[in-house]
Every structure is written in structure tokens, then in C-alpha cells.
Amino acid sequence: MPSNFSLSEFACACGCPENHTKLGLLTALQEVRNIFGRGIKIASGYRCEFHNKGVGGSPKSSHILGLAADIVIPDSVYAFQLMKAIFDSGRFQRVGYGKMSGTLVLHVDVDLDKPQEVLWGY
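Residues numbered from 1 in each chain as written. Predicted model: local features only at pLDDT ≥ 70, side-chain atom pairs only at ≥ 80, totals over all residues. Heavy atoms only, no water.

Side note on the sheet that holds strand β5 (residues 118–121)
- The strand order across the open sheet built from five strands is β1-β2-β4-β3-β5, with neighbouring strands paired in mixed fashion. Each edge of the open sheet carries a strand with a single partner, namely β1 (42–44) and β5. Mean inter-strand twist for the sheet, computed between neighbouring axes without regard to direction, equals 30°.
- Pairing analysis gives two bridges linking β1 to strand β2 (residues 68–72), with the strands arranged antiparallel. Each bridged residue has a counterpart across the sheet, and for S44 the counterpart in β2 is D70.
- Running over the sheet, helix α1 (residues 23–36) touches β1, β2 and β4 (103–109) and is turned about 35° from β2.
- This element, helix α3 (residues 76–89), spans β2, β3 (94–100), β4 and β5 of the sheet and lies at about 0° to β4. (Pairing = 2+ DSSP bridges. Helix = DSSP H or I, 4+ residues; strand = E, 2+ residues; numbered from the N terminus. Axes fitted to C-alpha atoms, helices over the stretch in contact; angles between N-to-C directions. Contact = heavy atoms within 4.5 Å.)

Here's the deal with the packing of aromatic side chains
- One pass over the full model with this rule turns up two aromatic pairs.
- Judged by centre distance (5.9 Å) and plane angle (65°), the ring pair of F5 and F10 falls under edge-to-face.
- Centre to centre, the rings of F36 and Y78 are 4.9 Å apart; their planes meet at 90°, and the pair counts as edge-to-face. You can see F36 sitting in helix α1 and its partner Y78 sitting in helix α3, a full 42 residues away along the chain. (Phe/Tyr/Trp six-rings, centres within 6.5 Å; stacked < 30°, edge-to-face > 60°.)

Printed below as a string of C-alpha cells:
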């Protein structure tokens, strides 16, 4: 399957060599991107435990497992259209929205070990 994403977009921001991003996350995001028809910028993907703690992430964060991504949201129209594509894809049952370093982001994950069909703010 052709992809608009590269694994480097999901690398830990601390610069560590680890990157445990799961194929299931990439596949689900690509499906959203295909429906959305616009670019998607990843603010945060995989996080090592050290970096996750440094940004105030949950010790049980799906980012640590390579199952989550935060998508940059430049404006409200983009946010609405992206959220619609996320739900239309049927691939994400866990979506959060909030700010990360002052930037509005949508969190999506494919972590089946956490409650499904949830939407939360942070």
C-alpha cells in the first residue's frame, strides 16, 4: 500500500534511536489520509519512556507502545474535516484533543487494551 507517511515522522522527539511505531497505526492513519485528501502533520508519534515522562505523558501512554499519534491542527475547519475522516474511516475508536506545547492536536491511537469508543479533551 502506498503511504504518505515515513517512519521518521513518528520518531521520538528526544532523538533516541528507538522507534516502535506499529504498522497498524500507520495503516489506519493512511486510510484517514486517503479519506481526508489533505496532508497530515504528525506532532508526536512514538515516545521513549524518558521523553514521555518529560512531556508529562501518562506512564501508560499508547505513545510508548508505538500505537498513538498526535496530529497538528492548524484551524477549526481542518479539525472538523479531519475528525470526520477519522470517524468515517472506522479505524480509530480512541480520539483526544488538546494542546501540546501550545499547538492544538488531535490524538488518535489503536490501543485495544484501553477503553474503546471514547473522545476526551486534555
